Amino acid sequence: QVQLVESGGGLVQPGGSLRLSCSASVSIFSINTMGWYRQSPGKQRELVAAFTSGGRTNYADSVKGRFTISRDNAKNTVYLQMNSLKPDDTAVYYCNCERVYGSSSRAYWGQGTQVTVSS
């Protein structure tokens, strides 16, 4: 089992910044992929940014150049630095990871944190 705990959401004005944190209950070295998704009302959950199994980063086109994903291995924590925020970034942001168990894998989700971009 993996527990993911998110923090850092809130209300911010357009053009502002926020940093989200996601702490895992296990070593992130034992996790295959880890990243952030978001979901706004009436829309499907979408990938925002993630570390792939090869350690590379993957970003949604809509956030490239504005958002940065990073991690602190010692703290088993992944961050999402969000700059130049837009009203369209308003959503519930979920931390996600995939852990491999032999020949199978399982996905885990955090509880979500609300990000609201509004003046």
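Structure: above.
Residues numbered from 1 in each chain as written. Predicted model: local features only at pLDDT ≥ 70, side-chain atom pairs only at ≥ 80, totals over all residues. Heavy atoms only, no water.

Peer 1: A description of the sheet that holds strand S3 (residues 18-24) should follow, citing residues and the corresponding values.
Peer 2: On the basis of which strands lie adjacent, the open sheet formed by 4 strands has the order S1-S3-S8-S7 and antiparallel pairing. Edge positions in the sheet fall to strand S1 (4-7) and strand S7 (67-72), since each of these pairs with one other strand and no more. Strand-to-strand twist of the sheet, defined as the mean angle between neighbouring strand axes without regard to direction, takes the value 15 degrees. Here S7 runs beside strand S8 (residues 77-82); their pairing, made up of 6 bridges, is antiparallel. Its bridge partner being in S8, Arg 71 is matched across the sheet by Val 78. (Pairing = 2+ DSSP bridges. Helix = DSSP H or I, 4+ residues; strand = E, 2+ residues; numbered from the N terminus. Axes fitted to C-alpha atoms, helices over the stretch in contact; angles between N-to-C directions.)

Peer 1: Residue-level account of the nonpolar core, with values.
Peer 2: Of all hydrophobic cores here, the largest spans 31 residues; its most connected members are Leu 4, Met 34, Trp 36, Leu 80, Met 82 and Tyr 93. Sequence-distant contacts of Met 82, that is, excluding residues within four places in its chain, are made with Gly 16, Ser 17, Leu 18, Leu 20, Arg 66, Phe 67, Tyr 93 and Val 115. (Core = buried A, V, L, I, M, F, W, Y, C linked by side-chain atoms within 4.5 Å. Buried < 20%, exposed > 50% of the residue type's maximum accessible area, 1.4 Å probe, protein only. Contact = heavy atoms within 4.5 Å.)

Peer 1: Can you lay out the pattern of salt bridges for me, pointing to particular residues and giving the numbers?
Peer 2: Inspection of every chain in the model, using the stated rule, returns 4 salt bridges. Two residues, Glu 46 and Arg 38, come together in a salt bridge whose shortest N-O distance is 2.8 Å. Across the pair Lys 64 and Asp 61 runs a salt bridge, and its minimum N-O distance is 3.1 Å. Of the two residues examined, Lys 64 and Asp 61, each falls in the exposed class. Counted as one network, the salt bridges with shared partners bring together Arg 38, Glu 46, Arg 66 and Asp 89. (Salt bridge = Lys/Arg side-chain N within 4 Å of Asp/Glu carboxyl O.)

Peer 1: Tell me about the packing of aromatic side chains, and name the residues and values.
Peer 2: Under the criterion given, the structure shown has 2 aromatic pairs. Plain terms: the ring middles of Tyr 94 and Trp 109 are 6.4 Å apart, the flat faces sit at 85 degrees to each other, and that makes the pair edge-to-face. Of this pair, Tyr 94 sits in strand S9 (residues 91-101) while Trp 109 sits in strand S10 (residues 104-109), and the two are 15 residues apart along the sequence. Through a chain of ring-to-ring contacts, the aromatic side chains of Tyr 37, Tyr 94 and Trp 109 assemble into a single cluster. (Phe/Tyr/Trp six-rings, centres within 6.5 Å; stacked < 30°, edge-to-face > 60°.)

Peer 1: Describe the state of the cysteines, with residues and values.
Peer 2: Applying the stated rule across the entire model yields 1 disulfide. Shown here is the disulfide that connects Cys 22 with Cys 95, its sulfur atoms set 2.0 Å apart. Across the S-S bond of Cys 22 and Cys 95 the torsion is about -80 degrees, and the bridge reads as left-handed. Of this pair, Cys 22 sits in strand S3 while Cys 95 sits in strand S9; the two residues are 73 residues apart in sequence, bridging distant segments of the chain. Both residues of the pair, Cys 22 and Cys 95, count as buried. With no disulfide of its own, Cys 97 lies 6.7 Å from the sulfur of Cys 95, the closest cysteine sulfur. Among the residues examined, Cys 97 registers a relative accessible area of 0% and is labelled buried. (Disulfide = S-S within 2.5 Å.)

Peer 1: Give a detailed account of the pairing of S10, specifying residues and quantitative values.
Peer 2: On a regular strand, each side chain points to the face opposite its neighbour's, so the side chains alternate between the two faces of the sheet. The pairing of S9 with S10 spans 6 bridges and is antiparallel. Considered in S10, the bridge of Val 100 is made with Ser 105. From the end of S9 to the start of S10, which pair antiparallel, there are 2 residues, and Gly 102 there has a positive phi angle of about 65 degrees.

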